[in-house]
Amino acid sequence: MPTSLATIKDRLQSHIGQELMVVAQAGRKKTTERHGILKETYPAVFVVDLDQDENSFERVSYSYTDILTQNIQVNFGDAEDDE
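Predicted, not measured: the structure shown is a model, and the values here were computed from it.

A. Spotlight on the nonpolar core. Counting 16 residues, the largest nonpolar core has Leu 12, Phe 46, Val 48, Ile 72 and Val 74 as the members making the most contacts within it. Beyond its immediate stretch of four places on either side in the chain, Phe 46 contacts Leu 12, Leu 38, Glu 40, Thr 41, Val 60, Ser 61, Tyr 62, Ser 63, Tyr 64, Ile 67, Ile 72 and Val 74.

Printed below as a string of structure tokens:
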């Protein structure tokens, strides 16, 4: 697991334009799984354009601290570089 926000941002920056899956905590013992493309990274958040076949909205943003605190998991196509 990355140990700093800068490391997380750098890893995500290298995957812009790639497909990913985000597994987010949605409550007690519930998770949501969303598929999309990593669109942009900003100083505090990153933006994912979602697959329109599965979701009713176009994009979602997450904080780098969500990854650091393990509130979300980001999985790219290549399993060895998961966040």
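B. Spatial organisation of the pattern of salt bridges. For the structure shown, the criterion picks out 2 salt bridges. In this structure, Asp 49 and Arg 59 form a salt bridge, with 3.1 Å as the shortest nitrogen-oxygen distance. Placement of Asp 49 in strand β3 (residues 45-50) and of Arg 59 in strand β4 (residues 59-63) is noted, with a sequence separation of 10 residues between them. Put simply, Lys 39, Asp 49 and Arg 59 are held in one network by salt bridges that share partners.

C. Spotlight on the packing of aromatic side chains. Within this structure, the stated rule accounts for 2 aromatic pairs. With 5.9 Å between their ring centres and 35° between their planes, Phe 46 and Tyr 62 make a pair best called tilted. Placement of Phe 46 in strand β3 and of Tyr 62 in strand β4 is noted, with a sequence separation of 16 residues between them. The burial state of Phe 46 is the same as that of Tyr 62; both residues are buried. Relative to Tyr 64, the ring of Phe 46 has its centre 5.8 Å away and its plane inclined at 25°; by these criteria the two rings are stacked.

Calculation rules
- Residues numbered from 1 in each chain as written.
- Predicted model: local features only at pLDDT ≥ 70, side-chain atom pairs only at ≥ 80, totals over all residues.
- Heavy atoms only, no water.
- Core = buried A, V, L, I, M, F, W, Y, C linked by side-chain atoms within 4.5 Å.
- Buried < 20%, exposed > 50% of the residue type's maximum accessible area, 1.4 Å probe, protein only.
- Contact = heavy atoms within 4.5 Å.
- Salt bridge = Lys/Arg side-chain N within 4 Å of Asp/Glu carboxyl O.
- Helix = DSSP H or I, 4+ residues; strand = E, 2+ residues; numbered from the N terminus.
- Phe/Tyr/Trp six-rings, centres within 6.5 Å; stacked < 30°, edge-to-face > 60°.

Nothing here speaks to function; it is geometry throughout.
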